[in-house]
Amino acid sequence: MSKNLLLAAADAAEEKHVQMIPLRNWAAENHLSSEASTNLHQSRSDKIKRTTRELLVRKVTVAYGIVELLIRCPTNNVLLDDATKIEFDNFAVCISKTADRSSSQQSPSWDDIRGIRMLSSGLSLSIEEPSYLSCLFEDGGEKDDQMGRYLEVELDAANALVGITKTDCLHGAERKEISKLRCHYLLAKILYQLFTNEELHGDKRHEVDDEPAYKKAKIGQLSEREGRVPDNKSGSDLSNITAVGRMQQVEVPASICRIVQNLFESASERGGDAYKTLREVGKDLHLLLFDPDRFLFDREARSTDNIQLQFKKEKLYGRDKEETLITDTFCRVTRGKSEAFFVGGFSGSGKSMLVDTLRVNVKNVGGYIIKHKFDAMSQDRPLSGVISALNQLCLMIKKRLSLQHLTALCRKLKDDFGDDIGLLARMLPNICLLSPECSSLFVGVEDENTNDKMNPRSVSFTLLRFVRLVSSPKHPIMLFLDDLQWADGTALDTVHTFLSDTMGSCMLFVGTYRDNEVQVGHAVFDLMENLKISNVPTNKVSLTGLDQENVNEMISDALCLYPRICKPLSDIVFQKTKGNPFFVLEFMQSLQSRDLLQYDSCLKRWVWNEDTIRAEEITGNVLHLLSSKMNQLPNDMQLLLKVMACFGASTKEPVISYLAESPEYSDVRNGLEGVISDGFVEVHEEGYIKFVHDKVREAAYNLIPDRDKKQLHYKLGKTLYSICEGKDVGNTIFLIASQINHGKEFIEKDDALRIPVAKLNMKAGKMAFDGCDHKMAYHYFVAALSLLPDDSWESNYDLSLRLNFMTARAANSSCRYDEAELTLRTIFERAWCLNDKLPSYFLLVTIFLAQGQPNEAFDICSSILAQLGETVPDTVTVEMVGGMIPETLSMYSEVYGDDWLGKQMENTNLCSIVKLYSTIATAAFFCKPHMVGYFVCKMVQMSLRNGVCQHTPLALMQLSTMAIQINNAASVHRIAKNALVLSEKFGSSDQKICINYYMGAGQLESHLSCSNKLRKGFASGLSSGDANTAFFCASHGVYFSIISAEKDLTSLLKEIDYYLLLLETHKSELTKKFLLCFRETVATLIDRGETTGIDAKLSYADAYDLGPGNKLLASLYFQEVFRNYWLGYTERCHHYAQKSMSISKQENFSTSIMKFYHGLNILDILKKKASYPKSLEVDEIIESMKVAASHTETNFRNKLELLEAEHFGITARHDVAMRAYDAAIVSAQKAGFLHEQGLACEKAGFYCKRMKYDEKALEYFNQALECYQKWGSSVKVDFTRKELGKLSVNQANSGAKGVFIRKKL
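What you are looking at is a predicted structure, and each value in this text was computed from that prediction instead of being measured.

Enquirer: Got a minute to help me understand helix α59 (residues 1254-1271) in this structure?
Expert: For an α-helix, 3.6 residues make a turn, and residues three or four places apart therefore share a direction. In this model, α59 (18 residues) spans 25 Å end to end at C-alpha, consistent with the 26 Å of a helix rising 1.5 Å per residue. Looking only at α59, the buried set comprises D1254, A1257, L1258, Y1260, F1261, N1262, A1264, L1265, C1267, Y1268 and W1271. Positive phi shows up at G1272, right after α59, with a value of about 95°.

What follows is the structure in structure tokens.
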């Protein structure tokens, strides 16, 4: 090589901040001695072993660079058959200048190689690892422990020193073929010398075997191959040792030997695994660098028995498009919007593996992954899977968050759930483990009435409230439900509740299902349709079999062999498995187990016979392979697999331990280690033993003859029952009962077992019911009923009564109303006395009310009251109720005292009567509202005479709501407060108490707090199953939000739309009409409905249909007054105010709000007409406002002051007008009434404008603008800006100086 070429190349390398070393010198410095190679396999020093491996990787990197450079030679006018070009001394290695080469004791970095240069042609190649990969190993990453490299190369043509004209290279196809063969041979020589540090002299190529190596089963050493090596200096005769044989002798890895061998085969134009192009060589070398542990380094094993197929079970093959899609979906969820992702496909197609690709991403953003797998054995426990997943989430949260954050979360739960926290703890017991103080928060009194009202919707909503609190864009939840083909509508409806929520939850739902096992009408398709209707973004993919290229990659990884060599085998496997990944894995393992696939320790690779494998008869079902494999297992392993298959996809370890205590199953644990090592099951940290795949469980279950399956289930259940009887086994009771129930035909033959098994099922049902899985509870109760003997009402009366009632409760809570009513009718016929029937009557009334049948509920209550000696009048007049209310209030004032509050009603019949009056009052509210007051007064009077009971608080609260007026507010408010005290005493969380309080005496409190507490009342009501009361709380909460500006209008509109969405499921037409009325007001105030829309506008006919004096009509008139005033429509506002006062006979706080706006409107009219004929009406309104403010200053002080300021202004009392305006502004700000603060500023601005105080007017209008912007009313913002514009023009025209106008203009 010319010295000038070396110098020129060195100068070029210097410019790129690399150091160039001739390949010969570099190879000598990085020589892998025979002793060092031996260390690769035998050394006990990890450091020496790593150093040796690093040297190998460095050499492969150089080899890869040389090959990639040769590939680019033809397009850069360099001939590939020129021995002077493709020669060892014509190449140089470029390394990073940072490498320290001064010390012979320090090895250079294994990844410091930066390029390869061909000296004579001047071509150079840069070798780089992409920068985006380096970030994966920052901050304590694993790069130091991994040698795998994904390299990219780029030709640097700018440094070319010597070129050949293009015409010199174009000598036709024959010349190209000769060039290729010659190039492969020359490259083989270079690689030989690179890895052995010995030259291969001569150009003679010896014959090679006709039969390729991969077709021989046991063919010995790779000897008698291409090329001979020189005699070594020690004098040993190496003349008969082939090149590849010599490489093996010096412990060059078999993967490198194979490349050299195949290059020689190509040069000899032989078949076998000969290379066809240099690109194939480059791909093989790139693979060695990418995964050296798998492909480069030789396998370490003392015998071939220890060599196993190296499947990458964590790698997802052939699903790049789907993986990108699901990753993008999750990224969108982290922005705060819930989405759904469905994955269909045959069993074994890789659905779960696709989902698992998200684990790292979810973990990196601080999210949580919760999972449940449905199976055929748990179809009667549909909701328990979702509940179990969320219960597991509690443990994840505890593990991740600090004690400080856990304590804060616990307080947040307590604040949001209030009295419902015990209900949540029943569903998710692990909540009690979140922090030390959590355990004391969730102790509450169980309310049977709440249990009777609960249903799947209320359970779903309660869980949703929890999800809202623990999920966020920073901590999204991924809920993964596997095998949805076994799920039913109950669980999937809960998923829909989560995803369709618009109030703060952040969840990615991923559901997988076998699309060949679900038909049209299945619940999974209903869920997809419902999500579409709810505008929840939904993605769906269907996984088919892998293509041939992916199967080849999968097999290549398993065999640790180049894909090009595996291709013939993978094509056969593809034909037999249709590309099903799990089938491929099992088929390959079956080939190994039958010695059709063997590891040859001499060749250091797997070998096979293609013709034999092709001739293999195999069914298209992986079950055949698995069953064949299992049939060869020892008896103890087969027994364990059968037992676990009976239990489902997974089994708790304690269950296996329980079984091992019995003589019949004493060997069941012995097979555990074997089935784990054979890859049938795996043990999870949570204490579960689970099958690795559902097909494995299916195959294990098929080991049991069909005729014996029921009996085995029964025997397992019976054995567990006998061992666990008297023990607290927790949820294991569900497994025991389910197993025994398979053998119902055996139980019915043994009368001694009927009652014990019935009680077992009843216990399991009660546990499920307490955990709010009502459908599962119903299944267990029905199973228990079916086992009772025919004469059970005579022989086991108490058990029959209790079990029938529990069944009816579970049926009701599962929305099986017909079954519930039928069971209750049985109780009415068979129960011995009225007291035994009363709970069932109350339940039937609850069912009728839930189904919208208040008349039927009323009739039942009336009938029972008659049986208890009470008379319900056929008619109740308004006058009758009007006389009873003051009479009752008088009795209260006489009896009330601490002694009465502590006096409890002891007569159970009287308690039942009061409860019946409370229930009939609820029914009357919907069908005979004029009678409600009568029943309320009866309840209160009975309590005053006989002592209080748990229904007294509601009665007192309802009385205070009906009785309260401005003139008696203080005394009635005391009644309401006492009702709250009693409610707390009895531990009642009845939402009716909440709504009645804020409809009446609660209005003395801040309207801001009213809206917040009613919002909580809504959540509590929906969680407890009392939807009617919940939505009354919702509608009244919205009302208070409107009049108090408790939240901005856009957020309030979102809340209203959320309620309306829920009402599509929870039918309540009356509440819907109220909400539509409120929505029109909010949408109008935002932008007159231009973008918010008021398509569902309420008509007056809707209100008139309810009859005169109804609250909907009063609400509609008030909203007309409110929004017309804010829009500036004075005549309309006055018209509706007159109508509102005509139907509102009582002076209460709601009418006072209306009068405030009516008074302001009158004053606006008076300003325009410059006459004061109605000033007397304004005076009356101001006087009534003073009374209201005396009772609740927070709500009415600012209103009084603003009315007075306006009145002072138009009556020319200018000395006090400005002070009154400022006082009104301060009072509104203090109360938190943002809109009325803006209104006071606006009115002050207009007053100043009239008085020619333009600068002061600008200041007030700017303040008003700021308030209206925060309130979110574009209508008022635009109006105020126009006024500011007019003022600024006036100022400019008048030449005023120094006027301050804010940037917001």
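Enquirer: Just checking my understanding: could you explain helix α57 (residues 1214-1231) for this structure?
Expert: Taking 1.5 Å as the rise per residue, α57 with 18 residues should run 26 Å; its terminal C-alpha atoms sit 26 Å apart, in good agreement. Buried residues of α57: V1216, A1217, M1218, A1220, Y1221, A1224, I1225, S1227, A1228 and A1231, and no others. In this structure, the buried side of α57 is in contact with α47 (1007-1024), α56 (1193-1210), α58 (1234-1250) and α59.

Enquirer: Before we go on, may I ask you to explain unusual backbone geometry in this structure?
Expert: Most peptide bonds are trans, and most residues other than glycine sit at a negative phi. A positive phi angle, near 65°, is found at E251, a position not held by glycine. Following the sequence through the fold, E251 ends up in the loop between α7 (243-249) and α8 (254-267). Classification of E251 as partly exposed rests on a relative accessible area of 22%. Positive phi, close to 55°, is recorded for C560, a residue that is not glycine. Note on C560: relative accessible area 14%, which makes it buried.

Enquirer: Please explain the packing of aromatic side chains as it appears in this structure.
Expert: How two aromatic rings sit relative to each other is set out by the distance from centre to centre and by the angle between their planes. If you walk through the whole model with that rule in mind, you get 36 aromatic pairs. Each ring, one from W1126 and one from Y1268, has its centre 6.2 Å from the other, and the planes form 90°; the classification is edge-to-face. A residue pair is termed long-range when its members are at least 10 positions apart, and W1126 in helix α52 (residues 1111-1127) and Y1268 in helix α59 qualify at 142 residues. Y1268 carries the same exposure label as W1126, and that label is buried. Sitting over the ring of Y701, R697 keeps its end group 5.5 Å from the ring centre.

Enquirer: Where do I start with the side chain of Q592 in this structure?
Expert: Structurally, Q592 is set in helix α23 (residues 581-593). Every residue in contact with Q592, bar those within four places of it in the chain, is listed here: I307, Q308, L309, L597 and W606.

Enquirer: Whenever I open this one, the sheet that holds strand β5 (residues 152-156) confuses me. Can you help?
Expert: Across a sheet, strands are paired by hydrogen bonds formed along the backbone, either parallel or antiparallel in direction. The 5 strands lie next to each other as β1-β2-β3-β4-β5, forming an open sheet whose pairing is antiparallel. Of all strands in the sheet, those bounded by a partner on one side alone are β1 (18-22) and β5. For this sheet, the mean angle separating the axes of adjacent strands, direction not counted, is 25°. Bridge count between β1 and strand β2 (residues 91-96): 5 bridges; the pairing is antiparallel. Bridge assignment links M20 to a residue of β2, and that residue is C94. Sheet strands in contact with helix α4 (residues 46-71) are β2, β3 (113-118), β4 (124-128) and β5, and its direction is about 45° off that of β3.

Quick notes on the rules
- Residues numbered from 1 in each chain as written.
- Predicted model: local features only at pLDDT ≥ 70, side-chain atom pairs only at ≥ 80, totals over all residues.
- Heavy atoms only, no water.
- Helix = DSSP H or I, 4+ residues; strand = E, 2+ residues; numbered from the N terminus.
- Expected span 1.5 Å × (residues − 1).
- Buried < 20%, exposed > 50% of the residue type's maximum accessible area, 1.4 Å probe, protein only.
- Contact = heavy atoms within 4.5 Å.
- Phe/Tyr/Trp six-rings, centres within 6.5 Å; stacked < 30°, edge-to-face > 60°.
- Lys NZ or Arg CZ within 6 Å of the ring centre and 35° of its normal.
- Pairing = 2+ DSSP bridges.
- Axes fitted to C-alpha atoms, helices over the stretch in contact; angles between N-to-C directions.

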